[in-house]
Amino acid sequence: MAIDLSIENGVATVTINRPERKNAILLAMRTEIENAFLKCQDDDAVRVIILTGAGSDFSAGADVGEMGGGGISGSLYRMRHLHRMARAVANTNKPVIAAVEGVCIGMSWALALAADITVAAENARFQFAFRHIGLAPDGGAAFLLTRYVPIQRAKEIMYSGRFVSGAEAHQLGLALHATPPGEALAKAREVAAGFVNAALRALSRGGGRITLPARPGGAPPPKDAALDYLSISLSHPRWLAERWLDREGFERAARWLEFDNQPAPLTGYNLFETNRP
C-alpha cells in the first residue's frame, strides 16, 4: 500500500508513501486516503489526525501519468474519486493537521487546505500549477483558497501558478506554523498532543471541527446544485458550467455527477459539509 496509517496515543498519522515519485497520488491512492480517514473517523481511539508525506516531500499532487484518457466519462470518474478523497479529509469531525515538507502541489495543496491546521517547513513549496498543464483547479482548490486569503491574492496565486514558500504561506495565513526544514512533522505532533484530551466535540454542531454553515434556506434545486458544483468546486465560471449543462446534456451530466436521488446535493456552501458516496 502507498498510504500508511499508524495510531499512537490518540494521534493517527496518515502518510502518503511514494517518495520515489515525490508522493504523487495515483487513482488507487485516492481511495486509500479516503478509506484511511473513514477508518480514523470510526475509531474512538483516534482523537487527532496528521496528514503528511514520506521522505522529503508532502506530495506532488496527482500523478500526471494517469491524466487524460476515457473521454468525459473517464475524467468524471477520476473527479469523483478525487472529491470523495477531499470530502473524507474535510468531513471528519476530528481535527486534521497537515505537516508539509518539500513540495505540496495541486490537489495535494487542496488536501492541506481542507485540513484544520497546516504546519509547513519554511522552505516548503506550495503551488497550484493547473495553468501550466491546461486544467481547471480541482479538489475544491479555489473554494478553499479563498477561505484563507483575500480574493485578489487567491487569484494571483492561482493565475500565476507560482510557488509559495512555507515562510510566505505562514505570512499569508495559509499555514499556522512555519518550522525549520525537517521539523514540520515534529511540530504537528506537538500541536496534536495538545488536542488529544480536549473536549473537541463541543466546538461545532457537526463534531469537533469548525466548518462553514449549510446554505440558508436548504439545498437548491438539482440543476443549481450541479452548476454550483462545477463552478465552485472545480473553479469553472458559472457561465461555462451553464453552457456545458445545457438542456440536452443536463440529465446525462447529472448522472455522471451522481446527483440522481441524492437528498443533499453538493454546493459551494456545503461541498465539504455533505457525506456522499
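None of the values given here were measured: they were computed from a predicted structure.

What counts and what doesn't
- What you see as residue numbers is a count from 1 along each chain, following the sequence as written.
- Where totals are concerned, whole chains, interfaces and linings use all residues; where local detail is concerned, this predicted model gives features only for residues with pLDDT of at least 70, and gives and counts side-chain atom pairs only at 80 or more.
- No hydrogens and no water enter the side-chain calculation; it runs on all heavy atoms of the structure.
- Numbering goes from the N terminus for both helices and strands, where a helix is a DSSP run of H or I of at least four residues and a strand is a run of E of at least two.
- Burial here depends on accessible area, computed with a 1.4 Å probe over protein chains only, as a share of the maximum for the residue type. Under 20% is buried, over 50% is exposed, and the range in between is partly exposed.
- The contact rule is simple, with two residues in contact once any of their heavy atoms fall within 4.5 Å.
- Surface accessibility in these figures is a Shrake-Rupley result with a 1.4 Å probe; residues are shielded only by whichever protein chains are displayed.
- Take a side-chain nitrogen of Lys or Arg and a carboxyl oxygen of Asp or Glu: if they are within 4 Å of each other, that pair is a salt bridge.
- Criterion used throughout: strands pair if DSSP finds at least two bridges between them.
- Only C-alpha atoms enter the line fits that serve as axes; for helices the fit covers just the stretch in contact. Angles between N-to-C directions range over 0 to 180 degrees.
- A helix is expected to span 1.5 Å for every residue after the first.
- Angles are sorted into four bins: roughly parallel if under 35 degrees, roughly antiparallel if over 145, roughly perpendicular if 65 to 115, and oblique for all others.
- Less than a right angle of anticlockwise turn of the near helix away from the far helix marks a crossing as left-handed, whereas a clockwise turn marks it as right-handed.
- The residue classification treats Ala, Val, Leu, Ile, Met, Phe, Trp, Tyr, Cys and Pro as nonpolar and Asp, Glu, Lys and Arg as charged. All others, Gly included, are polar.
- Confidence of the predictor at the level of single residues is given by pLDDT, which spans 0 to 100.

**Some words on the overall build of the protein chain**
The secondary structure content of the protein chain amounts to eleven helices and nine strands. Burial analysis of the protein chain (277 residues in total) assigns 51% to the buried set. Restricting the contact set of the protein chain to residue pairs at least 6 apart, pairs at least 24 apart contribute 70%. On the protein chain, roughly 12,900 Å² of surface is accessible, and the fraction owed to carbon and sulfur atoms is 53%.

**Let's talk about the pattern of salt bridges**
Summed over all chains, the structure comprises seven salt bridges. Notably, a salt bridge pairs Arg18 with Asp63, separated by 2.7 Å at the nearest N-O pair. Note that Arg18 is positioned in the loop between strand 2 (11-16) and helix 1 (27-42) and Asp63 in the loop between strand 3 (48-53) and helix 2 (71-91), a separation of 45 residues in sequence. A residue is classified by how much of its surface remains accessible, and Asp63, at 8% relative accessible area, is buried. Glu156 is the partner of Arg153 in a salt bridge, and the nearest nitrogen-oxygen pair spans 3.0 Å. Of this pair, Arg153 and Glu156 are both found in helix 6 (residues 151-160), three residues apart, which corresponds to roughly one turn of the helix. The partly exposed category is assigned to Arg153, whose relative accessible area is 35%. Within this structure, Arg153, Glu156, Arg162 and Glu168 form a network of salt bridges that share partners.

**Things to note about the sheet that holds strand 8 (residues 163-165)**
Taken together, three strands build an open sheet; the order of strands is 5-7-8 and the sheet is mixed. In this open sheet, the two strands that pair with only one neighbour each are strand 5 (103-105) and strand 8. Averaged over all pairs of adjacent strands, the angle between strand axes in this sheet comes to 25°, irrespective of strand direction. Direction of pairing for strand 7 (residues 125-127) relative to strand 8: antiparallel, over a ladder of three bridges. Pairing of Gln127 across the sheet is with Phe163, part of strand 8. Contacts between helix 3 (residues 107-114) and the sheet are confined to strand 5, strand 7 and strand 8, with strand 5 contributing the most and set at about 95° to the helix.

**Thoughts on helix 1**
Counted at 1.5 Å a residue, the expected span for helix 1 with its 16 residues is 22 Å, and the 24 Å between its end C-alpha atoms agrees. Along helix 1, the residues that are buried comprise Met29, Arg30, Glu32, Ile33, Glu34, Ala36, Phe37 and Cys40.

**Here we look at the packing of helix 3 against helix 5 (residues 141-148)**
Look at helix 3 against helix 5: their axes get within 9 Å of each other, and the N-to-C directions meet at 45°. Between helix 3 and helix 5, the angle is such that the two are oblique. By crossing handedness, the relation of helix 3 to helix 5 is classed as left-handed. Within the contact between the two elements, helix 3 uses Ala110, Leu113 and Ala114 and helix 5 uses Ala141, Leu144, Leu145 and Tyr148. Here the contact of helix 3 with helix 5 is composed, by residue class, of seven nonpolar, no polar and no charged.

**A look at the confidence of the model for the protein chain**
Counting all residues, the mean pLDDT for the protein chain is 79, and 70% of those residues have values of 70 or more. Low pLDDT (under 50) marks residues 212-240, which in the prediction has 70 contacts with non-local residues, meaning those over four places away or in another chain. This model gives residues 252-277 a pLDDT under 50, and the stretch forms 70 contacts once residues within four places in sequence are excluded.

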